Amino acid sequence: MTYEITRDYRSDTVTLPTETMRTAMARAEVGDDVYGEDPTVNRLQEEAARRMGQEAGLFMASGSMGNLVAILTHAGRGDEAIAGIDSHTLLWEAGGMATLGGIFPHPLPTDEDGRLDADAVEAAVRTDNPHLARSRLLLLENSYGSRGGFPLPASYFADMGAIAKRHNLRVHLDGARLFNTAVALECDPASLTEHVDSVTFCLSKGLCAPVGSVLCGSSDFIHQARRQRKLLGGGMRQAGILAAAGLVALDEMVDRLVEDHTHAFQLATGLAAVDGIVLDRDRVRTNIVLFELSPEVPLDAARFARKLAEDHSLLVDPQDDRLIRAVTHHGIEARHIEQFISAAADILTG
Ligand SMILES: *Cc1c(COP(=O)(O)O)cnc(C)c1O
(Lines give C-alpha, C1' and ligand atoms only; values in the text may rest on other atoms or scores of the structure.)
Protein backbone atom coordinates (compact mmCIF):
# COMPACT_ATOMS: atom_id res chain seq x y z
CA MET A 1 0.00 0.00 0.00
CA THR A 2 1.42 3.42 -0.89
CA TYR A 3 1.16 5.89 1.94
CA GLU A 4 -0.78 9.09 1.37
CA ILE A 5 -1.47 11.58 4.10
CA THR A 6 -4.83 12.36 2.46
CA ARG A 7 -5.93 8.88 3.48
CA ASP A 8 -4.49 8.83 6.98
CA TYR A 9 -7.12 9.51 9.65
CA ARG A 10 -5.30 7.85 12.55
CA SER A 11 -4.36 11.17 14.13
CA ASP A 12 -3.59 14.82 13.41
CA THR A 13 -0.01 14.03 14.45
CA VAL A 14 0.55 12.78 10.88
CA THR A 15 0.38 16.34 9.50
CA LEU A 16 3.46 17.50 7.61
CA PRO A 17 5.30 20.81 7.99
CA THR A 18 4.20 23.41 5.43
CA GLU A 19 6.52 25.01 2.87
CA THR A 20 6.49 28.22 4.93
CA MET A 21 7.63 26.21 7.94
CA ARG A 22 10.47 24.58 6.03
CA THR A 23 11.66 27.97 4.80
CA ALA A 24 11.45 29.46 8.29
CA MET A 25 13.34 26.47 9.69
CA ALA A 26 16.12 26.79 7.13
CA ARG A 27 16.54 30.48 7.93
CA ALA A 28 16.00 30.39 11.69
CA GLU A 29 18.34 32.42 13.83
CA VAL A 30 19.64 30.04 16.52
CA GLY A 31 21.77 29.89 19.68
CA ASP A 32 22.29 27.53 22.61
CA ASP A 33 18.88 27.18 24.25
CA VAL A 34 20.27 25.50 27.39
CA TYR A 35 21.95 28.87 28.01
CA GLY A 36 18.60 30.50 27.15
CA GLU A 37 20.27 32.07 24.10
CA ASP A 38 18.27 30.78 21.16
CA PRO A 39 16.36 33.84 19.94
CA THR A 40 13.84 31.80 17.94
CA VAL A 41 13.03 29.53 20.89
CA ASN A 42 12.69 32.60 23.09
CA ARG A 43 10.31 34.21 20.63
CA LEU A 44 8.19 31.06 20.44
CA GLN A 45 8.05 30.77 24.23
CA GLU A 46 6.98 34.41 24.59
CA GLU A 47 4.36 34.10 21.89
CA ALA A 48 3.00 30.84 23.34
CA ALA A 49 2.77 32.33 26.83
CA ARG A 50 0.98 35.39 25.45
CA ARG A 51 -1.58 33.19 23.65
CA MET A 52 -2.13 31.15 26.82
CA GLY A 53 -2.42 34.22 29.05
CA GLN A 54 0.54 33.04 31.14
CA GLU A 55 3.78 34.78 32.12
CA ALA A 56 6.27 32.39 30.53
CA GLY A 57 6.67 29.36 28.30
CA LEU A 58 9.10 26.48 27.83
CA PHE A 59 9.62 24.59 24.56
CA MET A 60 9.22 20.81 24.87
CA ALA A 61 10.05 17.89 22.62
CA SER A 62 6.49 16.55 22.97
CA GLY A 63 3.19 17.00 24.74
CA SER A 64 3.93 14.02 26.96
CA MET A 65 7.17 15.65 28.03
CA GLY A 66 5.35 18.92 28.72
CA ASN A 67 2.80 17.19 30.92
CA LEU A 68 5.45 15.18 32.76
CA VAL A 69 7.67 18.22 33.36
CA ALA A 70 4.63 20.10 34.69
CA ILE A 71 3.69 17.24 37.01
CA LEU A 72 7.27 16.83 38.30
CA THR A 73 7.45 20.57 38.93
CA HIS A 74 4.14 20.76 40.80
CA ALA A 75 4.43 17.54 42.81
CA GLY A 76 6.90 15.05 44.27
CA ARG A 77 7.27 11.58 45.77
CA GLY A 78 4.29 10.55 47.86
CA ASP A 79 2.02 13.19 46.35
CA GLU A 80 -1.20 12.28 44.61
CA ALA A 81 -2.59 13.58 41.33
CA ILE A 82 -6.34 13.44 40.64
CA ALA A 83 -7.13 12.87 36.94
CA GLY A 84 -9.73 11.46 34.59
CA ILE A 85 -9.46 7.69 34.35
CA ASP A 86 -9.49 7.98 30.53
CA SER A 87 -7.26 11.07 30.33
CA HIS A 88 -4.27 11.07 27.98
CA THR A 89 -1.89 11.50 30.91
CA LEU A 90 -3.12 8.40 32.72
CA LEU A 91 -3.56 6.25 29.62
CA TRP A 92 -0.99 7.22 27.02
CA GLU A 93 2.07 8.69 28.72
CA ALA A 94 3.80 5.48 29.84
CA GLY A 95 2.91 5.98 33.50
CA GLY A 96 5.53 8.74 33.67
CA MET A 97 4.35 10.42 36.86
CA ALA A 98 4.60 7.18 38.88
CA THR A 99 7.61 5.73 37.06
CA LEU A 100 9.80 8.80 37.23
CA GLY A 101 8.18 10.98 39.88
CA GLY A 102 6.87 8.62 42.55
CA ILE A 103 3.57 10.44 42.17
CA PHE A 104 0.47 8.38 42.77
CA PRO A 105 -2.37 8.75 40.24
CA HIS A 106 -5.90 9.00 41.63
CA PRO A 107 -8.20 8.19 38.68
CA LEU A 108 -11.80 9.44 38.66
CA PRO A 109 -14.55 8.65 36.14
CA THR A 110 -15.48 11.30 33.58
CA ASP A 111 -18.85 12.13 32.04
CA GLU A 112 -19.55 11.67 28.32
CA ASP A 113 -17.83 15.00 27.52
CA GLY A 114 -14.76 14.31 29.67
CA ARG A 115 -15.73 16.31 32.75
CA LEU A 116 -14.82 15.26 36.26
CA ASP A 117 -17.69 15.52 38.72
CA ALA A 118 -17.15 18.38 41.19
CA ASP A 119 -18.40 16.38 44.20
CA ALA A 120 -16.24 13.41 43.23
CA VAL A 121 -13.16 15.66 43.06
CA GLU A 122 -13.98 17.13 46.49
CA ALA A 123 -14.43 13.63 47.90
CA ALA A 124 -11.14 12.45 46.36
CA VAL A 125 -9.08 15.04 48.25
CA ARG A 126 -7.29 13.28 51.14
CA THR A 127 -7.29 14.52 54.70
CA ASP A 128 -3.95 15.08 56.41
CA ASN A 129 -3.32 11.60 57.75
CA PRO A 130 -0.06 9.61 57.73
CA HIS A 131 -1.85 6.63 56.18
CA LEU A 132 -2.69 8.60 53.06
CA ALA A 133 -0.88 10.05 50.10
CA ARG A 134 -0.88 13.85 49.94
CA SER A 135 -3.39 15.31 47.47
CA ARG A 136 -1.39 17.81 45.51
CA LEU A 137 -2.44 18.09 41.91
CA LEU A 138 -5.52 18.16 39.71
CA LEU A 139 -4.95 17.20 36.05
CA LEU A 140 -7.45 18.41 33.45
CA GLU A 141 -7.61 18.00 29.65
CA ASN A 142 -9.16 20.08 26.84
CA SER A 143 -10.30 19.12 24.24
CA TYR A 144 -10.97 15.75 25.84
CA GLY A 145 -9.40 13.19 23.52
CA SER A 146 -11.05 9.97 24.60
CA ARG A 147 -14.47 11.66 24.46
CA GLY A 148 -14.12 12.49 20.79
CA GLY A 149 -12.24 15.74 21.33
CA PHE A 150 -15.12 17.39 23.12
CA PRO A 151 -14.39 21.10 23.73
CA LEU A 152 -14.93 21.90 27.43
CA PRO A 153 -15.98 25.49 28.25
CA ALA A 154 -14.27 28.00 30.56
CA SER A 155 -17.01 27.58 33.20
CA TYR A 156 -15.87 24.01 33.89
CA PHE A 157 -12.32 25.22 34.55
CA ALA A 158 -13.62 27.97 36.82
CA ASP A 159 -15.48 25.30 38.87
CA MET A 160 -12.44 23.02 39.03
CA GLY A 161 -10.16 25.96 39.85
CA ALA A 162 -12.38 26.91 42.79
CA ILE A 163 -12.22 23.39 44.21
CA ALA A 164 -8.45 23.30 43.74
CA LYS A 165 -8.07 26.61 45.53
CA ARG A 166 -10.18 25.43 48.45
CA HIS A 167 -7.99 22.37 48.91
CA ASN A 168 -4.65 23.86 47.98
CA LEU A 169 -4.24 21.71 44.85
CA ARG A 170 -2.23 22.80 41.84
CA VAL A 171 -3.98 22.52 38.48
CA HIS A 172 -2.28 21.46 35.25
CA LEU A 173 -4.18 21.54 31.97
CA ASP A 174 -3.24 19.14 29.19
CA GLY A 175 -4.30 21.40 26.35
CA ALA A 176 -2.73 19.32 23.56
CA ARG A 177 -5.64 20.44 21.35
CA LEU A 178 -6.58 23.61 23.24
CA PHE A 179 -6.59 25.64 20.01
CA ASN A 180 -9.17 23.22 18.59
CA THR A 181 -11.35 23.94 21.61
CA ALA A 182 -10.84 27.70 21.32
CA VAL A 183 -11.73 27.64 17.62
CA ALA A 184 -14.78 25.41 18.23
CA LEU A 185 -16.07 27.62 21.05
CA GLU A 186 -14.99 30.81 19.27
CA CYS A 187 -13.17 32.01 22.36
CA ASP A 188 -9.72 33.26 23.30
CA PRO A 189 -7.59 30.26 24.42
CA ALA A 190 -6.46 32.38 27.39
CA SER A 191 -10.07 32.39 28.64
CA LEU A 192 -9.73 28.61 29.10
CA THR A 193 -6.55 28.83 31.18
CA GLU A 194 -7.46 31.53 33.70
CA HIS A 195 -7.97 29.02 36.50
CA VAL A 196 -5.01 26.70 35.92
CA ASP A 197 -1.43 26.94 37.18
CA SER A 198 0.10 25.51 34.02
CA VAL A 199 -0.90 24.41 30.53
CA THR A 200 0.71 22.41 27.72
CA PHE A 201 -0.37 22.63 24.09
CA CYS A 202 0.93 20.79 21.00
CA LEU A 203 2.37 22.42 17.91
CA SER A 204 2.76 19.06 16.19
CA LYS A 205 -0.89 18.06 15.80
CA GLY A 206 -3.45 20.12 13.89
CA LEU A 207 -1.01 23.05 13.82
CA CYS A 208 1.31 20.98 11.57
CA ALA A 209 4.72 21.72 13.10
CA PRO A 210 7.04 18.69 12.81
CA VAL A 211 7.93 18.59 16.52
CA GLY A 212 7.11 20.29 19.76
CA SER A 213 4.81 21.50 22.48
CA VAL A 214 4.99 24.45 24.82
CA LEU A 215 4.46 24.36 28.58
CA CYS A 216 3.25 27.69 29.98
CA GLY A 217 2.81 29.03 33.50
CA SER A 218 4.14 31.68 35.90
CA SER A 219 7.74 32.83 35.49
CA ASP A 220 8.69 31.14 38.75
CA PHE A 221 7.05 27.87 37.69
CA ILE A 222 8.81 27.89 34.31
CA HIS A 223 12.13 28.63 36.02
CA GLN A 224 11.70 25.44 38.08
CA ALA A 225 10.38 23.49 35.08
CA ARG A 226 13.67 24.11 33.24
CA ARG A 227 15.45 21.89 35.77
CA GLN A 228 12.91 19.06 35.30
CA ARG A 229 13.20 19.32 31.52
CA LYS A 230 17.00 19.10 31.76
CA LEU A 231 16.67 16.10 34.08
CA LEU A 232 14.56 14.30 31.47
CA GLY A 233 17.11 14.97 28.74
CA GLY A 234 15.04 17.71 27.14
CA GLY A 235 17.64 20.47 27.22
CA MET A 236 18.00 20.95 23.46
CA ARG A 237 20.63 23.21 21.96
CA GLN A 238 19.96 24.99 18.62
CA ALA A 239 16.28 24.15 18.95
CA GLY A 240 15.34 27.35 17.11
CA ILE A 241 15.30 25.22 13.96
CA LEU A 242 12.22 23.50 15.44
CA ALA A 243 10.79 26.55 17.19
CA ALA A 244 10.75 28.40 13.86
CA ALA A 245 8.11 25.97 12.60
CA GLY A 246 6.19 26.48 15.85
CA LEU A 247 6.05 30.23 15.27
CA VAL A 248 4.61 29.67 11.80
CA ALA A 249 2.14 27.20 13.35
CA LEU A 250 0.86 29.85 15.77
CA ASP A 251 0.83 32.53 13.12
CA GLU A 252 -0.78 30.69 10.21
CA MET A 253 -2.33 27.41 11.28
CA VAL A 254 -4.72 28.25 14.14
CA ASP A 255 -7.59 29.90 12.27
CA ARG A 256 -7.70 27.13 9.65
CA LEU A 257 -8.54 24.51 12.30
CA VAL A 258 -12.17 25.42 11.63
CA GLU A 259 -11.79 23.60 8.29
CA ASP A 260 -10.77 20.41 10.08
CA HIS A 261 -13.86 20.75 12.28
CA THR A 262 -16.10 21.27 9.26
CA HIS A 263 -14.62 18.18 7.60
CA ALA A 264 -15.09 16.12 10.75
CA PHE A 265 -18.73 17.16 10.89
CA GLN A 266 -19.16 16.28 7.19
CA LEU A 267 -17.59 12.90 7.80
CA ALA A 268 -19.83 12.33 10.83
CA THR A 269 -22.93 13.31 8.87
CA GLY A 270 -22.05 10.92 6.05
CA LEU A 271 -21.10 8.03 8.31
CA ALA A 272 -24.23 8.44 10.46
CA ALA A 273 -26.29 7.67 7.34
CA VAL A 274 -24.46 4.39 6.64
CA ASP A 275 -26.25 1.23 7.83
CA GLY A 276 -24.20 -0.45 10.53
CA ILE A 277 -22.61 2.73 11.91
CA VAL A 278 -23.76 4.31 15.15
CA LEU A 279 -22.78 7.91 15.61
CA ASP A 280 -24.26 11.07 17.15
CA ARG A 281 -22.95 13.76 14.84
CA ASP A 282 -23.91 16.54 17.24
CA ARG A 283 -21.15 15.35 19.54
CA VAL A 284 -18.56 15.96 16.82
CA ARG A 285 -17.43 19.48 17.68
CA THR A 286 -13.72 19.53 16.81
CA ASN A 287 -11.59 17.33 14.53
CA ILE A 288 -12.22 13.88 16.02
CA VAL A 289 -14.96 11.51 14.86
CA LEU A 290 -15.71 8.52 17.08
CA PHE A 291 -18.09 5.97 15.58
CA GLU A 292 -19.29 2.54 16.54
CA LEU A 293 -20.10 -0.54 14.51
CA SER A 294 -23.60 -1.66 15.45
CA PRO A 295 -24.02 -5.10 17.04
CA GLU A 296 -25.34 -6.75 13.84
CA VAL A 297 -22.18 -5.86 11.88
CA PRO A 298 -20.17 -9.11 11.59
CA LEU A 299 -16.80 -7.27 11.67
CA ASP A 300 -15.07 -5.96 14.76
CA ALA A 301 -13.30 -2.58 14.73
CA ALA A 302 -9.88 -4.08 13.98
CA ARG A 303 -11.16 -6.04 10.97
CA PHE A 304 -13.13 -3.05 9.70
CA ALA A 305 -9.95 -0.96 9.95
CA ARG A 306 -7.99 -3.64 8.10
CA LYS A 307 -10.54 -3.70 5.27
CA LEU A 308 -10.46 0.10 5.03
CA ALA A 309 -6.66 -0.09 4.76
CA GLU A 310 -6.41 -3.04 2.37
CA ASP A 311 -9.30 -2.27 0.04
CA HIS A 312 -9.34 1.54 0.19
CA SER A 313 -5.86 2.59 1.48
CA LEU A 314 -7.59 4.45 4.34
CA LEU A 315 -6.10 4.42 7.83
CA VAL A 316 -8.18 4.77 11.01
CA ASP A 317 -7.56 4.04 14.68
CA PRO A 318 -9.63 1.22 16.24
CA GLN A 319 -10.26 2.02 19.92
CA ASP A 320 -11.86 -1.17 21.19
CA ASP A 321 -14.00 -4.02 19.88
CA ARG A 322 -16.61 -1.75 18.22
CA LEU A 323 -15.29 1.81 18.49
CA ILE A 324 -13.23 3.53 15.77
CA ARG A 325 -11.58 6.94 15.67
CA ALA A 326 -11.01 9.10 12.60
CA VAL A 327 -9.23 12.45 12.90
CA THR A 328 -9.33 15.23 10.30
CA HIS A 329 -6.36 17.52 9.65
CA HIS A 330 -4.54 19.74 7.14
CA GLY A 331 -4.01 16.84 4.72
CA ILE A 332 -7.74 16.10 4.43
CA GLU A 333 -10.06 17.98 2.08
CA ALA A 334 -13.79 17.72 1.39
CA ARG A 335 -13.29 15.30 -1.55
CA HIS A 336 -11.35 12.93 0.70
CA ILE A 337 -14.26 12.88 3.12
CA GLU A 338 -16.57 11.68 0.31
CA GLN A 339 -14.04 8.92 -0.47
CA PHE A 340 -14.08 7.80 3.17
CA ILE A 341 -17.88 7.71 3.41
CA SER A 342 -18.17 5.64 0.21
CA ALA A 343 -15.48 3.25 1.42
CA ALA A 344 -17.29 2.69 4.72
CA ALA A 345 -20.60 2.14 2.91
CA ASP A 346 -18.89 -0.26 0.50
CA ILE A 347 -17.52 -2.39 3.34
CA LEU A 348 -20.69 -2.40 5.43
CA THR A 349 -23.45 -2.54 2.85
CA GLY A 350 -21.50 -4.00 -0.09
C1 LIG B 1 -1.25 14.13 21.70
C2 LIG B 1 -1.63 14.40 23.08
C3 LIG B 1 -0.68 14.60 24.08
C4 LIG B 1 0.82 14.58 23.86
O5 LIG B 1 1.24 13.78 22.87
P6 LIG B 1 2.75 13.70 22.33
O7 LIG B 1 2.59 12.68 21.27
O8 LIG B 1 3.60 13.29 23.47
O9 LIG B 1 3.12 15.04 21.80
C10 LIG B 1 -1.12 14.86 25.35
N11 LIG B 1 -2.43 14.92 25.63
C12 LIG B 1 -3.38 14.76 24.69
C13 LIG B 1 -4.81 14.89 25.07
C14 LIG B 1 -3.02 14.47 23.39
O15 LIG B 1 -3.97 14.31 22.47
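Residues numbered from 1 in each chain as written. Predicted model: local features only at pLDDT ≥ 70, side-chain atom pairs only at ≥ 80, totals over all residues. Heavy atoms only, no water.

When helices and strands are counted, the chain shows 13 helices and eleven strands. In terms of overall dimensions, the chain is globule-like: its C-alpha atoms have a radius of gyration of 21 Å, near the 20 Å expected for 350 residues. Principal-axis analysis of the C-alpha atoms places the extent of the chain at approximately 60 × 55 × 35 Å. Counting the 350 residues in the chain, one finds 56% classified as buried. Long-range pairs, those at least 24 residues apart, make up 74% of the contacts in the chain with a sequence separation of at least 6. Carbon and sulfur atoms provide 49% of the accessible area of the chain, an area that totals close to 15100 Å². Across the chain, 33 positive and 50 negative side-chain charges occur, with their mean positions spaced 5 Å apart. (Helix = DSSP H or I, 4+ residues; strand = E, 2+ residues; numbered from the N terminus. Rg over C-alpha atoms; globule rule 2.2 N^0.38 Å. Buried < 20%, exposed > 50% of the residue type's maximum accessible area, 1.4 Å probe, protein only. Contact = heavy atoms within 4.5 Å. Areas by Shrake-Rupley, 256 points an atom, 1.4 Å probe, with all protein chains shown as cover. Lys, Arg positive; Asp, Glu negative; His and termini not counted. Charge placed at Lys NZ, Arg CZ, Asp CG, Glu CD.)

Inspection of the entire model under this criterion finds four aromatic pairs. Both rings, one in Tyr-9 and one in Phe-340, keep their centres 4.7 Å apart while their planes meet at 80 degrees; by these two values the pair is edge-to-face. Here Phe-340 lies in helix α13 (residues 334-349) and Tyr-9 lies in the segment before α1 (19-27), a separation of 331 residues in the sequence. In this structure Tyr-9 comes out as buried when scored by relative accessible area, which is 0%. (Phe/Tyr/Trp six-rings, centres within 6.5 Å; stacked < 30°, edge-to-face > 60°.)

Turning to the site of the ligand, a few remarks are in order. In the vicinity of the ligand, the residues found are Ser-62, Gly-63, Ser-64, Asn-67, His-88, Glu-93, Glu-141, Asp-174, Ala-176, Arg-177 and Lys-205. In the environment of the ligand, an oxygen atom lies 2.8 Å from a nitrogen or oxygen atom belonging to the backbone of Gly-63. Take His-88: an N or O atom from its side chain is 3.3 Å from a nitrogen atom of the ligand. When the free accessible area of the ligand is taken as 380 Å², the share hidden by the protein chains comes to 82%. Tallying contributions element by element places helix α3 (residues 63-74) first for the shell around the ligand, with three residues. (Near = heavy atom within 4 Å. Polar contact = N/O pair within 3.5 Å; in protein donor to acceptor, adjacent residues only side chain to side chain.)

Contact geometry of helix α11 (residues 257-272) with α13 gives a least axis separation of 9 Å together with a crossing angle of 25 degrees. Between α11 and α13, the angle is such that the two are roughly parallel. Helix-helix and strand crossings are classified by hand; for α11 and α13 the assignment is right-handed. On α13, the residues touching His-263, Gln-266, Leu-267, Gly-270 and Leu-271 of α11 are Ala-334, Ile-337, Phe-340, Ile-341 and Ala-344. Here the residues of the contact of α11 with α13 sort into seven nonpolar, three polar and no charged. (Axes fitted to C-alpha atoms, helices over the stretch in contact; angles between N-to-C directions. Parallel < 35°, antiparallel > 145°, perpendicular 65-115°, else oblique. Left-handed = near helix turned anticlockwise from the far one by under 90°. Nonpolar A, V, L, I, M, F, W, Y, C, P; charged D, E, K, R; others polar.)

What follows concerns the side chain of Ser-135. By the element assignment, Ser-135 lies in strand β4 (residues 134-141). Given the relative accessible area of 16%, Ser-135 is considered buried. One polar contact links the side chain of Ser-135 to the main-chain amide nitrogen of Arg-126, over a distance of 2.8 Å. The contacts of Ser-135, once residues within four sequence positions are left out, are Glu-80, Ala-124, Val-125, Arg-126 and Leu-169.

This part covers unusual backbone geometry. Each neighbour pair has its own omega, and for Asn-142 with Ser-143 the value is -5 degrees, a cis peptide bond. Within the secondary structure, Ser-143 is located in the loop between β4 and α7 (154-166). Unusually for a residue other than glycine, Ala-94 sits at a positive phi of about 60 degrees. A positive phi is found at Ser-313, a non-glycine position, where the angle reads about 55 degrees.

Moving on: the nonpolar core. Core analysis: the largest hydrophobic core is formed by 52 residues, its most contacted members being Leu-138, Leu-140, Phe-201, Leu-203 and Leu-207. Top contributing element to this core by residue count: helix α10 (residues 240-252), with seven residues. Beyond its immediate stretch of four places on either side in the chain, Leu-203 contacts Leu-44, Phe-59, Cys-208, Ala-209, Gly-212, Ser-213, Val-214, Gly-246, Ala-249 and Leu-250. Ranked by size, the runner-up nonpolar core spans 30 residues in total, among them Tyr-9, Val-297, Leu-314 and Ile-332. (Core = buried A, V, L, I, M, F, W, Y, C linked by side-chain atoms within 4.5 Å.)

None of the figures reported here should be taken as evidence of function without further support.
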